[in-house]
Amino acid sequence: MTMSRSKEKVVSSLRKIFKSKNPSNEESADEKKPSEAVDGTARHGDSPGKRMRRLEKKIKPTSVNPTPDYSVRARRLMKEYKEIQKMQNCKNDAVFTVELINDNLYEWHARLHTVDPDSKLAKDMVELNVPFILLHLTFPDNFPFAPPFMRVVEPHIEKGYVMDGGAICMELLTPRGWASAYTVEAVLMQFAASLVKGQGRIMRKPKNTKEFSRRRAEEAFRSLVKTHEKYGWVTPSLSDG
């Protein structure tokens, strides 16, 4: 009897020791869960949104190439556009007016309403009932440190230093002749003077089938710039204008 009770005590003691050193698998798994989630990996019961927010806190943003900043161009053009608009609103007989094309600050239409009233071009405009000369201006990314591209859209003009496609042969519009201090107003006024100086006329009947297009104007202007870079600036004869 005594031996039996002693044996039971020994077995009970061994069970207690075994239980304290070897917790159940379920308890072990539960204890491990928090430690497994320390590095931000999924925790039991987490929603995808919680996991994403936790990862976003741990992942440092990587550096990327910044978007090119054209703020100098934008500030300059906005300033000039507002000044011209203010001038237009104050005068009923403005020499020229401007507007943005499709609300694009970097692409303008300019309307030259007035040229020298004593010129043949002015008389053509009255006779043919042409209220203005429409110009298209585009401003490159590095404006005002590079000139805008400007061309005549309508009417078709011959001479006056207007070339194929409506390109304009004017030193001020070339990289060599441009200065960042030039304003859009100065460009338009210089163009008006150039038209008269070159004896520009409105073409009544097209002499050829060449269209006034941006593509043709850009081609003509590139050729012009290339020629002047090679030979310098020489004012072309009126027959070439």
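Residues numbered from 1 in each chain as written. Predicted model: local features only at pLDDT ≥ 70, side-chain atom pairs only at ≥ 80, totals over all residues. Heavy atoms only, no water.

Focus: the side chain of E80
Just so we agree on the cut-off: Numbered from the N terminus, helices here are DSSP runs of H or I no shorter than four residues, and strands are runs of E no shorter than two. Think of a polar contact as two N or O atoms within 3.5 Å of one another; within protein, one of them needs to be a possible hydrogen donor and the other a possible acceptor, and neighboring residues in sequence only count if both atoms come from side chains. Any two residues having at least one pair of non-hydrogen atoms within 4.5 Å are treated as being in contact.
Topologically, E80 is positioned in helix α4 (residues 71-90). A distance of 2.7 Å separates polar atoms of two side chains, one belonging to E80 and the other to R76. Those residues in contact with E80 that lie beyond four places of it in its chain are W108, F143, Y182, T183, V184 and E185.

Examining the pattern of salt bridges
Cut-off, in case you're wondering: One speaks of a salt bridge when a side-chain nitrogen belonging to Lys or Arg is within 4 Å of a carboxyl oxygen belonging to Asp or Glu. Relative accessibility under 20% of the residue-type maximum defines a buried residue, over 50% an exposed one, and the middle range a partly exposed one, all with a 1.4 Å probe and only protein chains included.
Taken as a whole, this structure holds seven salt bridges when the rule is applied. One salt bridge in this structure joins E127 and R204, with 3.0 Å as the shortest N-O distance. On the criterion of sequence distance, the pair formed by E127 in helix α5 (residues 120-127) and R204 in the loop between β6 (201-202) and α7 (214-231) is long-range, its members being 77 residues apart. Its relative accessible area of 55% is what places E127 among the exposed residues. Of the charged contacts in the structure, one is a salt bridge between R215 and E219, with a shortest N-O distance of 3.1 Å.

Some words on α5
What counts here: To be clear, the arc concerns the directions from the helix axis to the C-beta atoms.
Taken together, the buried positions of α5 are L121, A122, D124 and M125. Considered in projection along α5, the buried side chains sweep an arc of 155 degrees and stay on one side of the axis. Away from its buried face by more than 90 degrees, α5 exposes K120, V126 and E127. Packed against the buried residues of α5 are β2 (104-112), β3 (133-138), α6 (184-197) and β6. Looking one or two residues beyond α5, the residue adopting positive phi is N129, at roughly 55 degrees.

Topic: the packing of aromatic side chains
Applied cut-off: Any Phe, Tyr or Trp ring, taking Trp's six-membered ring, that has another such ring centre within 6.5 Å forms a pair; planes under 30 degrees apart are called stacked, those over 60 apart edge-to-face, and the others tilted.
Following the criterion strictly, the structure yields six aromatic pairs and no others. With a centroid separation of 6.1 Å and 40 degrees between ring planes, the pair formed by F143 and W178 is classed as tilted. In this pair, F143 is assigned in the loop between β3 and β4 (149-154) and W178 in the loop between β5 (157-158) and α6, connecting sequence segments 35 residues apart. Under the relative-accessibility criterion, F143 is labelled buried at 2%. In this structure W178 comes out as buried when scored by relative accessible area, which is 10%. For the pair F149 and F221, a centre-to-centre distance of 5.6 Å together with 75 degrees between the ring planes defines the contact as edge-to-face.

Some thoughts on the sheet that holds strand β1 (residues 96-101)
Worth spelling out the cut-off: Two strands pair if DSSP finds at least two bridges between them. Working convention: axes come from line fits to C-alpha atoms, limited for helices to the stretch in contact. Angles between N-to-C directions cover 0 to 180 degrees.
What the four strands build is an open sheet, ordered β1-β2-β3-β4; its pairing is antiparallel. Two strands in the sheet have a free side with no partner beyond their single neighbour: β1 and β4. Shown here is a sheet whose adjacent strand axes are inclined to one another by a mean of 25 degrees, direction ignored. Pairing between β1 and β2: six bridges, direction antiparallel. The partner of E99 across the bridge, within β2, is H109. The strands touched by α6 within the sheet are β1, β2, β3 and β4, with β2 carrying the most contacts at an inclination of about 35 degrees.

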